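Commentary on secondary and tertiary structure
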Amino acid sequence: MPEEKAQGAGREAQGKEEGARDKGVGKDGGENPVPLSASPLEPSSLAPCALRPAPCRIGVFICHCGSNIGGIVDVPAVVEYASRLKDVVHAERNLYTCADDGLTAIKTAISKHGLNRVLVASCTPRTHAPLFRRTCEAAGLNQYLFEFVNLREHCSWVHMREPARATEKAKALVKMGVARARLLERQEEPVLDIEPAAMVLGGGVAGLSAALSIANQGFPVHLVEREPELGGMAARLHRISPTYRNAREVVGPVAEAVSAHPDIRLHMPATMTDLSGYIGNFEVTLSTGEKFRVGSIVVATGADELRPDGLYGWGQLKNVVTQMELERLMAAGPFTRPKSVVMIQCAGSRGQKVSYCSKRCCFTAIKNAILLKEESPDTEVHILHNEIHVYGVAFEKEYRRAQELGVRFSRYSPEKPSVSEQNGRLNVNFYDEGLRRERDLPADLVVLSTPLVARPEAEELSKMLKVPLGQDRFFFEAHVKLRPVDFATDGIFICGTAKGPTNIGECVEQALGAASRAAIPLAKGRVRVEAITSRVNTDTCRGCGRCESECDYHAISLVPVNDAFGNRLVARVNEGLCKGCGKCSSICCNRSISLRHFTTPQIMAMVEAALEEG
Amino acid sequence: MKDVLVIGGGVAGIQAALDLAEKGVKVHLVERTPSIGGRMAQLDKTFPTMDCSICILAPKMADCADHPNIIMHTCSEVAGLQGEAGDFRATVLKHARHVDASKCTGCGKCAEVCRLKGRIPNEFDFGLRKRGAIYLPFLQAVPRVMNIDSKKCIFLTKGKCGEKQLCKEACERGAIDFDQKDETVTLDVGAVIVATGFDLFDPSGMFEYGYGRFQNVRTAMEYERLICASGPTGGHLEVEPTKEHPGSMAFIQCVGARDLRLSPFCCSVCCMYATKEAVLVKEHYPDTDCTIFNVDMRALGKGFEEFVERARDEYGVRFLRARPGQVTEDPATKRLTVWYEDPASGKVTSMEADMVVLATALVPGAGVAQLAKALGIELDESAFFKVRDPLMSPVESTRPGVFIAGYCETPKDIPESVAQASGAAARAFEVLKRKGGAAHA
Amino acid sequence: MSAEKEAAVKSTKAYYCVECGKCTGICPVSRGLEYSPRRMVKRALEDPELEFVRDSQIWNCLTCKLCSGVCPSGVDYIDFIRIVRSRAHAQGLSGSCSQGGQLSTMARMMASDRLAQGRNFWTEGLEVAEKGELMYFVGCLPYFDTVFEDLRPDTLDIARSTVKVLNAAGIRPVVSPAERCCGHDLLWSGDVESYRALARQNIREMKRLGVKTVVTSCAECYRTLSRDYKEMGADLEVKHISQLAGELLDQGKLKVKSSGKKVTLHDACRLGRHTGVYDPPREVLRKVAELVEMPRSGPAASCCGVGAFLTCGAHSKRIQVERLIEAGAAAPVLVTECPKCQIHFKCALRDKPVPGAKLPELEIIDLSSFLARNLEAGKP
């Protein structure tokens, strides 16, 4: 990996130095003729590359994406069209440009035709830009001299029924891409040093597991827990499905290992009150006043059990409890076993207080029903559900075991049951879909299977971490399929029920997953960050401060300088924090801020190409 | 630091390999088939985001191929594991591809001339497409190297293939090598990660649904290939014998799964993928009626419940709470009738369907017992790899230093497999560090 | 009571029901009557005193076992219904028997020790033994010809043919004049006591005659003798004629010729799904005819529409008509392996035709009869 510029380039850059890294001149002809101090509006930056000393040599690669594109767009016609565009010296099509042979074709063409710009017209840059960029780098072409046109999402998929017009649009998109490609400049990715330590927020099973793993991978960990003791929600359970081991026995050993680990520092009770910095260099302040630096952060702050206020008589009727309350009752030792217990599933979830399925209530109810039956076989236990959501091997097996033990399951539908008190005894009324009639079940104890809900503190934490929450107010990961424990923000990871309801085994899996991911930058010691950040033209910056107040990532600050213009303020970009969103450049009153790789001239060239005939 | 052995090149194995490789660990990625990618490569789209499956996986596959720290061993199997955590010696049997990977570009000219071209059912498409004896498993295969099916190749089985070996003649790079032999290599590794995925239950034995007898009864995985733009029909669903797209479709859940006589467990993914598959039908053919038959709609994940609601309310997918008792076929028209107990009326009702898709159980791989023996690890009663403690040690096998990730441990979806794979990578890295004396137990 | 229920729930695994309704979806009764096996199970589970046995629905089940064949929870529904019926019978309830219940009355009469049997009026010209190791259990065949005279089922031809086939292979089977009804119908209509009385007498008689192997030409006798008598302490090897004939053909002791006919086979519930005998009748048939399978065959085979001569009604007729049409589409000859299936199909064929509905021209013949007609000449 070329890491020659390893000096943490971005962090200290300021003033005129801002643009320093744009100066790189490579053998690939990516010279930047635009003077660094020049305004982006200067005519020279709009000039086509043909006027430059090294002519543009653009290669165009058009992907069939199987039949995703090729089945609708006339790809050979687009290739033929592209080959006639100015500065295009090579155009070809590939069945899958992203497959090995497509990538080889790009590499071969770069050397064979001396390409200094590469354009791939295929799918979405979200998934494929890194791959093509890497391919260009491997062939010696700076990856920012690569241009991506999305012919699939932007064209073939949305114009499936109009192939002829889709082909015309594809040509236009390629033309626009070529127009921008001419103006692309090489960019360097700053390399940042990493503080080789991590912080884990939350001392439940997820946080404990993550902390222990990171420490065992060789990196110091700061574990921050808001309560005075470790263990979180799991430690408050009675026995844990599917192994039925005592919660204390399950959580105890890992809590002890964490407490005894020389590389784990416990901060307890404590919460994080301030966070600044970025991957590799987060500056943390705790409620205790302690401050430290870490390279990565794992969020494992857990969830709460819903308080079923106003539901099924909870809080009003005696002997209506939640599963968690039942666990505490059972954990406290033998209590008078009721004759008849009715459990109500989805109490508060799936359409009541929250819309989602909390995933764990079914196996929790089944576990508690089994425990009740095993201790007191004559107790009638009835689980009222709309659907039984036990999954995998172990929980499904427990469901069957509950059936064997005589736990009764009845499906209520479509309305949820109602609980009332009649002659001093609880009564549960519901429509039994299996029997196709309304039923009344007398009960001595009604147990509500309530969902997990996001913690209210998550809101503030998400702001501090600058990571998003989903619509259910649980933390939202970078990609639900392939990046389940990452946040979109580099260096911050998520695991456990803070992400959404799940079981303990999965919490630990996610925690270990987050520990693996969080330790990657620590193990590397350095990380490269995106080059697409904002740059400030300090000669024109008026120091108005709009960018500073508008930046969602707190990446811009106004700093005092004393130069030819006198004592003044100018905007400074912290590249470690800048996400390249472009908001600053679009609100800057005189275009003193521009976004690397998405400059106004580049975008205007595309617009012009789009409007141009032919 | 020692190397790590990852067994299985599906999404879990890929993730584990990448995590470790990024930390500077050299990873041996062993895959039984000629290409990495696993089951995810066969899917059309993924729920609930409707990402094109191969499109989001292909970059990761390419990352594996490109990564300087990852060494891929395809067509290979692990035959034994000696030693202990931190200091294992793994025996890997590398089957001959009969194609020199360093020379082959995967251009496919050899496949064009193979005498068996179009005669052998292609595994990747479940036989819905035919291949020759020399073939590329699928378009986006990694590595992009041709493979000779040594059990089918005329030359390899009979010692003679017509006048001359056409494939060898067609190859401009001299990549075909009939003399290539299976070889056994020994790898020194510090830790092992097992991520071998699952197999598919064959529903031919379930007479009630007529799979294998009725042409228009398909398994869900076959359907994934049929609806996929790069699949055998180019993404066009075709009903036999008319070849028209279906006007009505039924999806039957839990086929062979949650069945005490077959696989008692819940596969954890079928409710969601069936919903996705029905939505895909609706996207392709908005007028096609889609009904999903299931008993418990297990939408247990972030955004899943909402996805099901969208399928129902926006796309008009019908969800019926019933397991159909029987599928019958009109022998003349090949149209199907699905018989079920209507949850609303309580009466037996039938619906006509042009195509029925069976959500067949995803079951432990056929070779798990052998692999477990080779690795000295245990299986649970359902033949999934046993973990030391499903709660607090969910990635540790019964042998120290050997870790488990993905569906082969217990049924789970892609994100859980990916998270667990990273988790296994964390544990493997801990072992390497422990041996190096850098960390604490 | 609740202990009895608990035992029934346990032995049939009824508690595993997940209310999926798959049973109802395949149940042939449910397609006519409003009937749901899983709902019956649910009612039993939720009914501590089994009050629901008073519901006449419990008599609708054909006990054809299609439901259990597909039940993902492995609930033994037919055994469940058998227990439920015995409970109902104990409360003095019964289903509505076809033929005014005369067959079950006869069976009940036979259960009495004092009633002597004289059954062997039909064996003239056939080689039968009084004692020996191999017995041919004739079952109710001698009675059917009388009860169903209008249908001309010629069920005794089945008995004669069976003996002919055995004779052709050089076997002189024991045919006991003191044999009694196997008790099948009583067992399945809840009269367990009478069934047991019959079983005890038959077992005693077989022991007396020195019988070790019993061959039957009736699927119901086969099931009862091979399964249920075992529970009564019988130590017998039981074979359906198709199994024994298959063995004799394989050993070369029996020689047959091809009929040149195209036939199809109706699997009897008791031989197929109840006891898993699918292949032997097919193997035998293929030696004498061209066998064409119906779409629903083997474990998927439809029922003949009536079980234990209970509740024969419009739904039974519908099942029979459907099956006859299915058979007619496959072949001009329908071979049965249980005399009751034959009676039920012949009954449906004989009925006044529904205007517009066309029943096929179909020859319905028992497997033994078909075999006997295609024995290689020259052998007696």
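Residues numbered from 1 in each chain as written. Chains lettered and ligands numbered in written order. Predicted model: local features only at pLDDT ≥ 70, side-chain atom pairs only at ≥ 80, totals over all residues. Heavy atoms only, no water.

Topic: the pairing of strand β11 (residues 272–278) of chain A
Both faces of the sheet carry side chains from a regular strand, because those side chains alternate between them. All names here are of chain A. Here is the rule we go by: We treat two strands as partners when DSSP finds at least two bridges between them. Put simply, DSSP marks the helices as runs of H or I at least four residues long and the strands as runs of E at least two long, and each gets a number from the N terminus on.
Bridge count for β11 against strand β12 (residues 281–286) is 6 bridges, and the pairing is antiparallel. Across the sheet, Met272 pairs through a bridge with Leu286, a residue of β12. Taking the residues between adjacent antiparallel strands as the criterion, β11 and β12 are bridged by 2 residues, where Gly280 takes a positive phi near 90 degrees.

Regarding the interface of chain A and chain C
Defined as follows: In this description, contact between two residues means that some pair of their heavy atoms is separated by no more than 4.5 Å. In this description, buried area is defined as the sum, over both parts, of the accessible area (probe of 1.4 Å) that is lost when the two are combined. Note on definitions: salt bridges are taken to be side-chain nitrogens of Lys or Arg within 4 Å of carboxyl oxygens of Asp or Glu. Polar contacts, as used here, are pairs of N or O atoms within 3.5 Å; protein pairs need one atom able to donate a hydrogen and one able to accept it. Residues neighboring in sequence count only if both atoms are side-chain atoms. Each residue is assigned to one class: nonpolar for Ala, Val, Leu, Ile, Met, Phe, Trp, Tyr, Cys and Pro, charged for Asp, Glu, Lys and Arg, and polar for all the others, Gly among them.
Of the residues lining the interface, 15 residues belong to chain A; the matching set on chain C comes to 14 residues. Summed over both sides, the interface of chain A with chain C buries roughly 1,200 Å², with 41% coming from carbon and sulfur. For the pair chain A and chain C, the number of links is 3 salt bridges. A salt bridge links Arg408 of chain A to Glu46 of chain C, with the shortest nitrogen-to-oxygen separation between them at 2.9 Å. Applying the counting rule to chain A against chain C returns 12 residue pairs in polar contact (both at pLDDT 80 or more). For the side of chain A that touches chain C, the secondary structure elements donating two or more residues are α12 (394–404) and β19 (408–411) of chain A. Broken down by class, the residue content of the side of chain A that touches chain C amounts to 3 nonpolar, 4 polar and 8 charged.

Details of the packing of helix α8 (residues 205–216) of chain A against helix α9 (residues 247–260) of chain A
Residue and element names in this part refer to chain A. Note the cut-off: Only C-alpha atoms enter the line fits that serve as axes; for helices the fit covers just the stretch in contact. Angles between N-to-C directions range over 0 to 180 degrees. In what follows, roughly perpendicular refers to angles from 65 to 115 degrees, roughly parallel to angles under 35, roughly antiparallel to angles over 145, and oblique to any angle outside these ranges. Each helix crossing is assigned a hand: it is left-handed if the near helix lies turned anticlockwise from the far helix by less than a right angle, otherwise right-handed if that turn is clockwise.
It is the contact of α8 with α9, at a shortest axis distance of 10 Å, that shows an interaxial angle of 45 degrees. When the interaxial angle is binned, α8 and α9 end up oblique. Crossing handedness for the pair α8 and α9: left-handed. Residues Val205, Leu208, Ser209 and Leu212 of α8 touch α9, and the partners they reach there are Val251, Val254, Ala255, Ala257 and Val258. When its residues are assigned to classes, the contact of α8 with α9 shows 8 nonpolar, 1 polar and no charged.

Describing the interface of chain B and chain A
Facing 81 residues of chain B, the contacting portion of chain A comprises 82 residues. Both sides together, the interface formed by chain B and chain A hides about 6,600 Å², and carbon and sulfur atoms give 56% of it. Its largest share of buried area at the contact with chain A, chain B owes to Lys302, Leu391 and Met392 of chain B, together 12% of the area lost on that side. Applying the counting rule to chain B against chain A returns 14 salt bridges. Asp63 of chain B is paired through a salt bridge with Arg134 of chain A; the nearest N and O atoms lie 2.2 Å apart. Across the contact surface, chain B and chain A share 39 residue pairs in polar contact (both at pLDDT 80 or more). Examining the composition of the side of chain B that touches chain A, we find that 14 residues originate from one element, helix α10 (residues 414–435) of chain B, more than from any other. For the side of chain B that touches chain A, the per-class residue count stands at 40 nonpolar, 17 polar and 24 charged.

Here we look at helix α17 (residues 600–611) of chain A
Residue and element names in this part refer to chain A. Stated precisely, the cut-off is as follows: Expected helix span is given by 1.5 Å per residue-to-residue step, counting one fewer step than there are residues. Accessibility here uses a 1.4 Å probe with only protein chains present; expressed as a share of the type maximum, an area under 20% marks a residue as buried, one over 50% as exposed, and anything in between as partly exposed. What the arc measures is the spread of directions leading from the helix axis to the C-beta atoms.
In this model, α17 (12 residues) spans 16 Å end to end at C-alpha, consistent with the 16 Å of a helix rising 1.5 Å per residue. Listing the buried residues of α17 in full gives Pro601, Gln602, Ala605 and Ala609. End-on, the buried residues of α17 take up no more than an arc of 105 degrees, which puts them together on one face.

Considerations on the packing of aromatic side chains
A ring pair, where both rings are aromatic, is described by two values, the distance of the centres and the angle of the planes. Note the cut-off: Stacked, tilted and edge-to-face are the three classes applied to pairs of Phe, Tyr and Trp rings, where Trp contributes its six-membered ring and a pair requires centres within 6.5 Å; stacked means planes under 30 degrees apart, edge-to-face means over 60, and tilted covers the rest. We count a charge as sitting over a ring when the NZ of a lysine or the CZ of an arginine lies within 6 Å of the ring centre and within 35 degrees of the ring normal.
Per the counting criterion, the structure on display carries 23 aromatic pairs over all chains. Ring centres of Phe265 of chain B and Phe384 of chain B lie 5.0 Å apart, and the angle between their planes is 70 degrees; on these two criteria the pair is classed as edge-to-face. Separated by 119 residues along the polypeptide, Phe265 of chain B in the loop between β15 (248–255) and α7 (270–284) and Phe384 of chain B in the loop between α9 (368–375) and β23 (402–404) bring together distant segments of the chain. Take Phe265 of chain B and Phe384 of chain B: they sit in the same class, and that class is buried. One aromatic cluster in this structure is built from Phe198, Phe265, Phe384 and Tyr407 of chain B. For the cation-ring pair, Arg401 of chain A lies above Tyr244 of chain A, with the distance from its terminal atom to the ring centre recorded as 5.2 Å. The positively charged end of Arg131 of chain B is found above the aromatic ring belonging to Tyr135 of chain B, 3.8 Å away from the centroid.

Observations concerning the domain arrangement of chain B
Accessible area lost upon the coming together of the parts is a frequently used measure of interface size. All names here are of chain B. To keep things clear, this is the line we draw: As used throughout, domain bounds are those supplied by an automatic or database domain assignment.
We note that the domain assignment places domain 1 (3–95 + 182–198 + 364–436), domain 2 (109–170) and domain 3 (201–361) within chain B. If you average the C-alpha positions of domain 2 and of domain 3, the two centres end up 33 Å apart. At the interface, 7 residues of domain 2 touch 8 residues of domain 3. Each partner contributes to the roughly 670 Å² buried at the junction of domain 2 and domain 3, and carbon and sulfur atoms together form 67% of this total. Considering only the side of domain 2, the residues that lose the most area to domain 3 are Phe126, Leu128 and Arg129, jointly responsible for 72% of the buried surface there. In this structure, Arg225 engages Asp125 in a salt bridge whose closest nitrogen and oxygen atoms are separated by 2.7 Å. At the boundary of domain 2 and domain 3, one finds 3 residue pairs in polar contact (both at pLDDT 80 or more). A breakdown of the residues in the side of domain 2 that touches domain 3 according to their chemical character gives 4 nonpolar, 1 polar and 2 charged.

So, the sheet that holds strand β14 (residues 296–299) of chain A
All names here are of chain A. On the basis of which strands lie adjacent, the open sheet formed by 5 strands has the order β10-β7-β6-β14-β25 and parallel pairing. Both edges of this open sheet fall to β10 (264–267) and β25 (492–494), since each of them pairs with a single strand only. Shown here is a sheet whose adjacent strand axes are inclined to one another by a mean of 20 degrees, direction ignored. Sheet analysis places strand β7 (residues 221–224) next to β10, joined by 4 bridges and oriented parallel. Among the inter-strand pairings, His222 is bridged to a residue of β10, identified as Arg265.

Concerning the pattern of salt bridges
Per the counting criterion, the structure on display carries 101 salt bridges over all chains. Arg528 of chain A is the salt-bridge partner of Glu189 of chain A, the closest N and O atoms lying 3.2 Å from each other. A residue pair is termed long-range when its members are at least 10 positions apart, and Glu189 of chain A in the loop between α7 (163–182) and β5 (191–193) and Arg528 of chain A in strand β26 (residues 526–528) qualify at 339 residues. You can call Arg528 of chain A partly exposed: its relative accessible area is 30%. Glu322 of chain C is the salt-bridge partner of Arg318 of chain C, the closest N and O atoms lying 3.0 Å from each other. Taken together, the residues Arg318 of chain C and Glu322 of chain C, both in helix α14 (residues 314–330) and 4 residues apart, mark about one turn of the helix. For Arg318 of chain C, a relative accessible area of 27% translates into the label partly exposed. The exposure class assigned to Glu322 of chain C is partly exposed, which follows from its relative accessible area of 37%. Residues participating in the shared-partner salt-bridge network are Arg408, Asp432 and Arg439 of chain A, Glu341 of chain B together with Glu19, Arg38, Arg39, Lys42 and Glu46 of chain C.

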